[in-house]
Amino acid sequence: MNASISDATRLPDGTSVPRLGQGTWNMGDSDASRTEEIAALRLGVELGLQLIDTAEMYGEGRSEELVGEAIRGIRNEVFLVSKVYPHNAGKERLTRSCEASLKRLGTDYLDLYLLHWRGNVPLEETVEGMEQLVASGKIARWGVSNLDTEDMRELMHIPGGDHCATNQVLYHLGSRGIEHELLPWQRSHNIPVMAYSPLAQAGTLRKGLAENETVQEIARNHGATPLQVMLAWSIREGNMIAIPKASTRRHVAENAAAAKIRLSNEECWRLDDAFPQPSWKVPLDML
Ligand SMILES: NC(=O)c1ccc[n+]([C@@H]2O[C@H](COP(=O)([O-])OP(=O)(O)OC[C@H]3O[C@@H](n4cnc5c(N)ncnc54)[C@H](OP(=O)(O)O)[C@@H]3O)[C@@H](O)[C@H]2O)c1
């Protein structure tokens, strides 16, 4: 991946990935929007959002099929991420799931394969299976999603667990729980956070975000929209990746432009006042 360094986050193995990528949840579900969704994803890649996140869960494979169509001919420009259901994350099922994802995506490898959330399959079994997928070349690296600090600590004690490349968790201006413990822990272990729902689903996950006067004023000062400010905020520090989902070219162009917005310390302090991080440990927020 050749993202320029200021726009890039480094994975533990040294690979640079763009700080802003593209989510694809609920994409591929409707024939009416398919052409525009594909155009949006392709434009995103052109504009530097080369990391594309999908999952076998999304539309039970429809999102992966759409992504496969969108990246045809440009596979090598994309950092492709998919996720396995927890109940498929062990033994032969893991390999079968991965192979089915590869088929739908029209590729022979994933850049990153994530455990979608922790289920009943022991983490040891998942790590062993992931390492085998790496050895066979089906995936370049693996990571996890929706794991809180205790789960991450446990993961580090499993043989091979320290190969985990990222933990994808919910993070936006209105949901800052990870800043208390998980984010510093991941930083100290050099494991980047991949922030999902960084736009709080266009503000619907937390009312009053985009409408907040501080957010609006900062947006006006940058000639930006409140959602662009939220996106710029989510990647304001190194070691972060955010994956906004946008199904139109207009939204993708706006999101790509947000990568260029640099919030000043003073702006960040004002946002801290408006949306303080919790000063105690709260359970991991997830969808
Ligand atoms: N690991 C997990 O458990 C997990 C959970 C949730 C999500 N995810 C991943 O994270 C991705 C992002 O999260 P998300 O989809 O929940 O929410 P999100 O990215 O916070 O928000 C998506 C919503 O914002 C709208 N939007 C995007 N850009 C916009 C813009 N510039 N102006 C106005 N509206 C804009 C989209 O509308 P349009 O679609 O109309 O453009 C969509 O309604 C997902 O797609 C998925 O890949 C992972």
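Visitor: Describe the overall build of the protein, and please don't skip the residues or the numbers.
Guide: Summing up its helical and strand segments, the protein has 10 helices and 9 strands in all. The C-alpha radius of gyration of the protein comes to 18 Å, within 12% of the 19 Å expected for a compact globule of 287 residues. Taking the principal axes of its C-alpha atoms as reference, the protein extends roughly 55 × 45 × 30 Å. Taking all 287 residues of the protein together, the buried fraction comes to 55%. Nonlocal contacts in the protein, meaning residues at least 24 apart in sequence, comprise 76% of its contacts between residues at least 6 apart. A total of about 12400 Å² of accessible surface is found on the protein, and carbon and sulfur atoms cover 49% of it.

Visitor: Before we move on, can you summarise the packing of helix 2 (residues 62-70) against helix 3 (residues 91-105) with the specific residues and values?
Guide: Two elements in contact, helix 2 and helix 3, have axes whose closest approach is 7 Å; the angle formed by their N-to-C orientations is 45 degrees. As judged from the angle between their axes, helix 2 and helix 3 are oblique. Contacts between helix 2 and helix 3 involve Glu-64, Glu-65, Val-67 and Gly-68 from the former and Ser-101, Arg-104 and Leu-105 from the latter. In terms of residue class, the contact of helix 2 with helix 3 is made up of 2 nonpolar, 2 polar and 3 charged.

What counts as what
- Residues numbered from 1 in each chain as written.
- Predicted model: local features only at pLDDT ≥ 70, side-chain atom pairs only at ≥ 80, totals over all residues.
- Heavy atoms only, no water.
- Helix = DSSP H or I, 4+ residues; strand = E, 2+ residues; numbered from the N terminus.
- Rg over C-alpha atoms; globule rule 2.2 N^0.38 Å.
- Buried < 20%, exposed > 50% of the residue type's maximum accessible area, 1.4 Å probe, protein only.
- Contact = heavy atoms within 4.5 Å.
- Areas by Shrake-Rupley, 256 points an atom, 1.4 Å probe, with all protein chains shown as cover.
- Axes fitted to C-alpha atoms, helices over the stretch in contact; angles between N-to-C directions.
- Parallel < 35°, antiparallel > 145°, perpendicular 65-115°, else oblique.
- Nonpolar A, V, L, I, M, F, W, Y, C, P; charged D, E, K, R; others polar.

Geometric descriptors of this kind do not, in isolation, establish any biological role.
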